[in-house]
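Structural overview
The lines below spell out each chain.
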Protein chains: 2
Amino acid sequence: MKARVHVMLKDGVLDPQGEAVRHALGHMGFGGVEGVRQGKVIELDLSATDAASAEAEVKEMCEKLLANTVIEKYTIEIA
Amino acid sequence: MKARVHVMLKDGVLDPQGEAVRHALGHMGFGGVEGVRQGKVIELDLSATDAASAEAEVKEMCEKLLANTVIEKYTIEIA
């Protein structure tokens, strides 16, 4: 079973990396970029066969390791 | 208009970061993790109003800056 986790900074938290990308794109002539937010996507191959238990396990992984829940939010997709 | 870009390492390219996450999860007791691949997700706010031109522009951004196309692949979603 595959799980895909998106980890992004919470709204309102300054994203210096996103800002750096926005400036770089501007210097390269891409004028129409109003905002850039950058985060992580993590694809997991799980031996679990049941979607519900897989989601619960991945949620626990996010809470403990994959996301810094003080400043980051995450979403989980099970496929 | 919003665009979301996923940048992942190409298949076959070693992902040391993913391996590190897999080992860490294993040490934390998450035994059922067979593989981990980590990449970037970039959310762009574009002033473009036409989806086709926005996609073409984002593709050019990926080719020039957002992805290292030698070892990375990318997907673009326009919303």
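The text that follows walks through the structure, step by step, so that each part is easy to find. (Residues numbered from 1 in each chain as written. Chains lettered and ligands numbered in written order. Predicted model: local features only at pLDDT ≥ 70, side-chain atom pairs only at ≥ 80, totals over all residues. Heavy atoms only, no water.)

1. Here's the deal with the sheet that holds strand 2 (residues 33-46) of chain B
We count it as follows: Paired strands are those between which DSSP finds at least two bridges. The helix count covers DSSP runs of H or I at least four residues long, the strand count covers runs of E at least two residues long, and both are numbered beginning at the N terminus. Every angle, taken between N-to-C directions, lies between 0 and 180 degrees, and every axis is a line fitted to C-alpha atoms, over only the stretch in contact when it is a helix. Contacts: residue pairs with any heavy atoms within 4.5 Å of one another.
Read from one edge of the open sheet, 6 strands run 3(A)-1(A)-2(A)-2(B)-1(B)-3(B), paired in antiparallel fashion. Taken across any chain shown, the strands that pair with only one partner, and hence form the sheet edges, are strand 3 (72-78) of chain A together with strand 3 (72-78) of chain B. In this sheet, neighbouring strand axes are inclined to one another by 20° on average, regardless of whether the strands run parallel or antiparallel. Here 6 bridges tie strand 1 (residues 2-9) of chain A to strand 2 (residues 33-46) of chain A, and the two strands are oriented antiparallel to one another. Counted as the bridge partner of Lys2(A) is Asp45(A) from strand 2 of chain A. Its contacts with the sheet place helix 2 (residues 51-66) of chain A against strand 1, strand 2 and strand 3 of chain A together with strand 2 of chain B, and it is angled at close to 155° to strand 3 of chain A.

2. Some words on the interface of chain B and chain A
To be explicit about the condition: Buried area counts how much accessible surface, traced with a 1.4 Å probe, disappears from two parts once they are put together, with both parts' losses summed. Take a side-chain nitrogen of Lys or Arg and a carboxyl oxygen of Asp or Glu: if they are within 4 Å of each other, that pair is a salt bridge. Any pair of N or O atoms that falls within 3.5 Å is considered a polar contact. Within protein, one atom must be able to donate a hydrogen and the other to accept it, and sequence-neighbouring residues count only if both atoms are side-chain atoms.
Listed per partner, the contact involves 30 residues of chain B and 30 residues of chain A. In total, about 2800 Å² of surface goes out of reach between chain B and chain A, with carbon and sulfur atoms giving 64% of it. Where chain B touches chain A, the interface holds 0 salt bridges. For the pair chain B and chain A, the number of links is 11 residue pairs in polar contact (both at pLDDT 80 or more). When residues of the side of chain B that touches chain A are traced back to their parent elements, those giving at least two are strand 1 (2-9), helix 1 (16-27), strand 2 and helix 2 (51-66) of chain B. The dominant element in the side of chain B that touches chain A, judged by the number of residues it contributes, is strand 2 of chain B, at 14 residues. As paired elements, strand 2 of chain A and strand 2 of chain B share 13 bridges and run antiparallel to each other. Within strand 2 of chain B, the position partnered with Arg37(A) by the bridge is Glu43(B).

3. Here we look at helix 2 of chain A
Residue and element names in this part refer to chain A. Note the threshold: One fewer than the residue count of a helix, multiplied by 1.5 Å, yields its expected span. Whether a residue is buried, partly exposed or exposed follows from its accessible area with a 1.4 Å probe, protein chains only, as a fraction of its type maximum: under 20%, in between, or over 50%, in that order. It is the directions from the helix axis to the C-beta atoms whose arc is reported.
Along its 16 residues, helix 2 runs just 19 Å from first to last C-alpha, ending more than 12% under the 22 Å computed at 1.5 Å per residue. Residues Ala54, Val58, Met61, Cys62 and Leu66 constitute the buried set of helix 2. The buried residues of helix 2 occupy one face: seen down the axis, they fall within an arc of 100°.

4. Some points on the packing of helix 2 of chain A against helix 1 of chain B
Which entries qualify depends on this criterion: Any angle that falls under 35 degrees is termed roughly parallel, while one over 145 is termed roughly antiparallel, one within 65 to 115 roughly perpendicular, and all others oblique.
It is the contact of helix 2 of chain A with helix 1 of chain B, at a shortest axis distance of 11 Å, that shows an interaxial angle of 105°. Taken together, the axes of helix 2 of chain A and helix 1 of chain B are roughly perpendicular relative to one another. Together, Met61(A), Leu65(A) and Leu66(A) of helix 2 of chain A and Val21(B), Ala24(B) and Leu25(B) of helix 1 of chain B make up the contact between the two elements.

5. Looking at the relation of the copies chain B and chain A
Copies of the same chain, two in number, are related to each other by a rotation about an axis and a translation along it. Selection criterion: The superposition of copies rests on a least-squares fit of C-alpha positions from residues with pLDDT of 70 or more in both.
Overlay of chain B on chain A (RMSD 0.0 Å): rotation 180°, translation along the axis 0.0 Å. The symmetry that links the two subunits is that of a two-fold axis. The C-alpha atom lying nearest the rotation axis in chain B is that of Lys40(B); the distance is 2.3 Å. By residue overlap, the copies meet face to face through one surface: 100% of the interface positions of chain B are interface positions in chain A.

6. Some thoughts on the pattern of salt bridges
A side chain of one charge can pair with a side chain of the opposite charge if their charged atoms are brought near each other. Per the stated rule, a full pass over the model turns up 12 salt bridges over all chains. The partner of Arg4(A) in a salt bridge is Glu43(A), and the shortest N-O contact between them spans 3.1 Å. Of this pair, Arg4(A) sits in strand 1 while Glu43(A) sits in strand 2, and the two are 39 residues apart along the sequence. Asp11(B) is paired through a salt bridge with Lys73(B); the nearest N and O atoms lie 3.1 Å apart. Within this pair, whereas Asp11(B) is found in the loop between strand 1 and helix 1, its partner Lys73(B) is found in strand 3, the two being separated by 62 residues in sequence. What makes Lys73(B) partly exposed here is its relative accessible area of 36%.

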